[in-house]
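Read off the chains here:
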Amino acid sequence: MNYLNELLFGLYPYVAGTIFLAGSLLRFDHGQYTWKTGSSQMLSKRQMRLASNLFHIGILVIFFGHLVGLLTPHWVYAPFISAGSKQIIAIIVGGIAGLMCLTGGAMLLHRRLTNPRVRATSSRADIVILALLVAQVSLGLLTIIPAMGHLDGGAMLELAEWAQSIVFFKGGAAEHLAEIGLVYKLHILLGLTIVLMFPFTRLVHVWSAPLGYIGRRYQIVRRKA
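In this convention, every chain numbers its residues from 1, walking through the sequence in written order. Residue-level local features of this predicted model are given only where pLDDT is at least 70; pairs of side-chain atoms are given and counted only at 80 or more, and the full residue set underlies all totals for whole chains, interfaces and linings. Just so you know, side-chain values use all the structure's heavy atoms and leave hydrogens and water out.

Right, let's talk about the environment of I214 for a bit. In this description a helix means any DSSP run of H or I spanning at least four residues, a strand means any run of E spanning at least two, and both kinds are numbered starting from the N terminus. With respect to the secondary-structure elements, I214 resides in helix 10 (residues 212-215). Here's how the labels work: a residue is buried when its accessible area is under 20% of the maximum for its type, exposed when over 50%, partly exposed in between, all with a 1.4 Å probe on protein chains only. The exposure class assigned to I214 is exposed, which follows from its relative accessible area of 73%. Remark: the alpha-carbon pair of I214 and A22, spanning 192 residues in sequence, is separated by 29 Å.

Listed below in structure tokens is the structure:
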């Protein structure tokens, strides 16, 4: 059992991370014509704006919430907020963002599966990765149930220690998850699998976020007389 725990939560994160980085680089270098969002908005705009906005706003809040929440050492915020209070904030903000993401993702998945025009232009990877994202958000929301049973922040600190041990190459990362509940482990494993699949799906468009638009000069567009 200890070997399996070490394999899944000590070794698998590095396998997924290596494929994530190397695969993204190779795809950008060798397959730039496939480096795109593959938007289907022109095929059907019905519910697209609502679903897309809910999904993307929700997933961005979740991503940066996990990034800051898991990778910020406890001693940084300990003088200002307790671990229990931080967990309650994470439950409230994460719950709202999770519901937004789940609602939008479910609408997008339903549209991709039932709209003939959108389905015809969808690859198997498009459907699979969207279904996995919806499942991942569902698991994330399910973690709220056990989290409400221990509001002292103990489990959250163990999860943060695991994430920091992985990212900063500390030893014994898997030991932090030895006593963590099953739903947390499933959430982590599915998340790592999505990271592993990232270079082979349309998710690569995340690397091309148009941040340059924020600081670019205004463009004057004139209509024909």
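Moving on, we come to the nonpolar core. Nonpolar cores are built from buried Ala, Val, Leu, Ile, Met, Phe, Trp, Tyr and Cys residues. Side-chain atoms within 4.5 Å join them into one set. Grouped together as the largest cluster of nonpolar side chains are 40 residues, with contacts concentrated most on F9, W162, L177, I188 and I194. If we ignore the near neighbours within four places in the chain, the residues touching I188 are F9, L159, W162 and L177. Note on contacts: a residue pair is in contact if any heavy atoms of the two residues lie within 4.5 Å.

This next bit is on the packing of aromatic side chains. Only Phe, Tyr and Trp rings take part, Trp by its six-membered ring, and two of them pair if their centres are within 6.5 Å. Stacked means planes under 30 degrees apart, edge-to-face means over 60, and tilted covers everything else. By the definition in use, this model includes five aromatic pairs. Summarising the aromatic geometry, the rings of F198 and W207 are spaced 6.3 Å apart at their centres and angled 85° between planes, so their arrangement reads as edge-to-face. A relative accessible area of 10% means that F198 is categorised as buried. Ring pairs connect the aromatic residues F20, F198 and W207, which therefore count as one cluster.

Let us now look at a nonpolar patch on the surface. Like charges within 9 Å and nonpolar side chains (Val, Leu, Ile, Met, Phe, Trp, Tyr) within 5 Å are joined into patches, using only residues over 30% in relative accessible area that form no salt bridge. The method behind every accessible area is Shrake-Rupley, applied with a 1.4 Å probe, and residues are considered shielded solely by the protein chains displayed. For salt bridges, the criterion is a side-chain nitrogen of Lys or Arg within 4 Å of an Asp or Glu carboxyl oxygen. The grouping of I57, V61, I88, I89, I92, V93, I96, M148 and L151 at the surface amounts to a nonpolar patch, some 780 Å² of accessible area in total. Taken together, the elements giving at least two residues each to the nonpolar patch come down to helix 2 (48-71) and helix 4 (83-114). The greatest single-element share of the nonpolar patch, amounting to five residues, is contributed by helix 4. As for its position among the elements, I96 is in helix 4.

The subject of this paragraph is the UniProt feature "transmembrane region" (unreviewed entry) in the protein chain. UniProt positions are given in the numbering used here, feature names are shortened, and annotations may be inferred rather than shown by experiment. Mapped onto this numbering, the UniProt entry annotates "transmembrane region" (unreviewed entry) at residues 12-29, 50-76, 88-109, 129-149 and 188-214. As a span, residues 50-76 carries 93% helix and 0% strand, and end to end its C-alpha atoms are 38 Å apart. The straight-line gap between the two end C-alpha atoms of residues 188-214 is 33 Å; of that span, 48% is helix and 0% is strand.

Moving on, we come to the environment of L11. With respect to the element layout, L11 can be found in helix 1 (residues 2-30). It is 32 Å that separates the C-alpha atoms of L11 and S85, two residues lying 74 residues apart in sequence.

Inspection of the entire model under this criterion finds one salt bridge. Note that R202 and D126 form a salt bridge whose closest N and O atoms lie 2.9 Å from each other. One end of the pair, R202, is in the loop between helix 9 (182-197) and helix 10; the other, D126, is in helix 6 (residues 124-142), and 76 residues separate them in sequence.

What follows covers the side chain of R202. When its relative accessible area of 18% is taken as the criterion, R202 is described as buried. Here a polar contact means two N or O atoms within 3.5 Å. Within protein one must be a hydrogen donor candidate and the other an acceptor candidate, and residues neighboring in sequence count only if both atoms are side-chain atoms. A distance of 2.9 Å separates polar atoms of two side chains, one belonging to R202 and the other to D126. For R202, the residues in contact, after removing those within four places along its chain, are R27, K36, T37, G38, S39, R112 and D126.

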